[in-house]
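This is what each chain is made of:
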Amino acid sequence: FSTTRFFSHKEKNMAASMYRAGSAVGRVLVRARNTSALNLKRHQSAVSYAQTLLNIPETNVSTLDNGLRVASEESGHPTCTVGVWIGAGSRYENESNNGSAYFLEHMAFKGTKKRPQATLEKEVESIGAHLNAYTSREHSAYFIKAMAKDLPKVVEILADVLQNNILSESEIERQRDVILREMEEIEFSLQDVVFDHLHRMAYQGTPLGNAVIGPSANAKNLSRKDLMEYINLHYKAPRMVLAAAGGVNHNELADLAKQHFSSISYQYEGDVVPVLAPCRFTGSEIRVRDDAMPFAHIAIAVEGASWTNPDLIPLMVANSLIGSLDRTYGGGKNVSSRLARISRENKLCESFQTFNTCYSDTGLFGIHFVTDAFNIEDMLHFAQGEWMRLCTSVTESEVNRAKNVLKTSLVEQLNGTTPLCEDIGRQLLQYGRRIHLEEWIAQIDAVDARRVREVCTKYIYDKCPAVAAVGPVEQLPDYNRTRSAMYWLRF
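Summarised in this report is the structure supplied together with it. (Residues numbered from 1 in each chain as written. Predicted model: local features only at pLDDT ≥ 70, side-chain atom pairs only at ≥ 80, totals over all residues. Heavy atoms only, no water.)

Quick look at the sheet that holds strand E5 (residues 140-147)
Thinking step 1. The six strands lie next to each other as E1-E2-E6-E3-E5-E4, forming an open sheet whose pairing is mixed. Strands at the two margins of the open sheet, each flanked by one partner only, are strand E1 (59-63) and strand E4 (130-135). Across the sheet, the axes of successive neighbouring strands diverge by a mean angle of 15°, strand direction being ignored.
Thinking step 2. Bridge count between E1 and strand E2 (residues 69-74): five bridges; the pairing is antiparallel. Its bridge partner lying in E2, Ser62 is registered against Val70.
Thinking step 3. Each of E1, E2, strand E3 (79-86) and strand E6 (240-246) is contacted by helix H9 (residues 250-261), which is oriented at about 150° to E2, the strand it contacts most. (Pairing = 2+ DSSP bridges. Helix = DSSP H or I, 4+ residues; strand = E, 2+ residues; numbered from the N terminus. Axes fitted to C-alpha atoms, helices over the stretch in contact; angles between N-to-C directions. Contact = heavy atoms within 4.5 Å.)

Description of the packing of aromatic side chains
Thinking step 1. Applying the stated criterion across every chain yields a total of eight aromatic pairs.
Thinking step 2. Plain terms: the ring middles of Phe195 and Phe355 are 4.9 Å apart, the flat faces sit at 75° to each other, and that makes the pair edge-to-face. Taken together, the residues span a long stretch of sequence, with Phe195 in helix H6 (residues 190-202) and Phe355 in strand E10 (residues 351-358) at a distance of 160 residues. As far as burial versus exposure is concerned, Phe195 and Phe355 are alike and both buried.
Thinking step 3. Their ring planes at 65° and their centres at 6.2 Å tell us that Tyr431 and Trp440 sit as a pair that is edge-to-face.
Thinking step 4. Grouping aromatic residues by their ring pairs yields a cluster made of Trp85, Tyr134 and Phe143.
Thinking step 5. Positioned above the aromatic ring of Tyr268 is the side chain of Lys236, whose terminal nitrogen or guanidinium carbon lies 5.6 Å from the ring centre.
Thinking step 6. Taking the ring centre of Tyr92 as reference, the NZ or CZ of Arg239 above it sits at 4.8 Å. (Phe/Tyr/Trp six-rings, centres within 6.5 Å; stacked < 30°, edge-to-face > 60°. Buried < 20%, exposed > 50% of the residue type's maximum accessible area, 1.4 Å probe, protein only. Lys NZ or Arg CZ within 6 Å of the ring centre and 35° of its normal.)

Regarding empty space enclosed by the protein
Where empty space is left can be seen by rolling a probe of water-molecule size over the atoms.
Thinking step 1. Tallying each qualifying case throughout the model produces two cavities of 30 Å³ or more.
Thinking step 2. By volume, the largest cavity amounts to about 90 Å³.
Thinking step 3. For the largest cavity, the full set of lining residues is Leu104, Ala108, Tyr142, Val161, Leu162, Asn165, Leu167, Ile231 and Tyr235.
Thinking step 4. In terms of residue class, the lining of the largest cavity is built from eight nonpolar, one polar and no charged.
Thinking step 5. Forming the walls of the second largest cavity are Asn98, Gly99, Phe103, Ile179, Ile213, Gly214, Pro215, Asn218, Ala219 and Leu222.
Thinking step 6. Among the residues forming the lining of the second largest cavity, the class breakdown is six nonpolar, four polar and no charged. (1 Å grid on protein atoms, 1.4 Å probe; cavity = no way out; pocket = protein on both sides within 12 Å on 5 of 7 lines; lining within 4 Å. Points joined across faces, edges and corners; volume = space filled by probe spheres on them. Nonpolar A, V, L, I, M, F, W, Y, C, P; charged D, E, K, R; others polar.)

The following block contains the structure:
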């Protein structure tokens with residue numbers, strides 16, 4: 001038995017209205033539930049991030065009797081990176097031996113008294129390890145990445161390489177040719193060229209102006225005696241850090257260090273301890289004009305903060321605020337960086353990047369950009385305009401965005417045992433301790449717009465910049481015009 005009911009037009013309208021109302025209420029409830037769930041997830045993510053900062057392994061540090069520091073961070077990884085960081089680089093050189101540290105980097109894994117080069121290479125390959133080394137203006141580093149179980153072998157090889165390098169005359173001549181070829185290749189890396197010019201002008205007359213690779217004349221003339229003198233003068237235990245990250249037990253590492261590194265001397269001949277010569281920043285410019293080049297490389301910088309200066313963090317935030325751009329990547333018009341938007345919309349440059357290069361007592365804060373011959377003046381105008389805006393009118397929202405970018409960058413840089421090991425080694429040389437990531441984050445969070453304006457005014461406003469330009473640079477403004485754009489006349 002069934003019945004069929006026919007609804008009137010009025011009843012149909014009422015039913016439709018009730019359905020729409022019910023649907024709207026349902027959507028509101030669903031949206032509310034989704035929002036609550038999203039907020040809960042965000043809260044859980046925030047807690048997870050805070051816990052992650054707290055759960056980062058502690059950096060253990062101990063010191064041998066000769067002053068060599070041993071530092072490690074145990075993360076439980078199946079691999080480890082172990083290296084020796086030395087407080088010696090091109091800044092510790094003079095005109096006659098400039099390039100010695102870089103030459104020693106090339107000689108590092110070319111054989112020891114105990115292991116000829118072929119034996120050393122086979123032994124390293126047999127455990128699947130990777131050797132590497134680099135030289136900067138204030139540091140030299142030699143490090144090995146291997147399986148954590150091979151830690152004793154890795155430490156022993158590092159000690160042998162550093163203390164028993166034979167520096168054979170035949171290998172020196174072979175590496176001399178390699179370095180001269182590298183110098184020719186570097187001439188085609190215009191970014192490296194322009195930064196070497198920038199240092200040479202900014203720190204003219206001081207060792208910090210020396211190029212890491214040194215001049216070709218020195219590469220042709222440096223002898224075994226010169227290299228040995230550099231080692232005997234600078235490779236001292238108190239200026240070394242044995243750093244390790246990954247599956248490393250600190251007690252085991254300290255015992256291995258005591259076994260293999262205790263013989264490194266801590267005494268200087270005649271008790272003459274080498275002291276860094278003071279640096280002097282000079283506002284100046286250099287132009288290397290070559291109209292045959294397709295693009296110009298321009299770098300402009302003011303004197304920045306040293307590693308230990310409290311103004312470093314606000315300058316790092318300001319650096320992140322200006323950002324970077326590369327036209328080969330997507331985006332540009334919708335990015336948050338104002339300079340990037342202007343550059344992309346008006347096609348002012350191929351790329352630009354900000355930099356904040358720090359040293360023990362000084363630094364360089366600046367912008368490097370690549371552009372064609374006809375947009376140099378406009379790009380420089382807007383870049384300096386951004387500097388003036390940092391000093392006068394940067395907003396809290398911009399600073400908050402820059403802080404988030406900077407924090408993300410710091411976390412990303414510590415991904416893997418090798419970046420971690422390098423961070424440990426450098427920080428112990430620069431600060432005498434390892435600064436925890438949580439401490440970095442707290443210092444960044446403490447920066448506000450007012451602090452950024454104050455620090456940028458101190459370092460940028462009405463200061464003489466150093467300028468280096470390579471390529472078709474005819475349109476680069478006269479230095480006096482560039483200098484006059486470092487302040488605003490306001491009434």
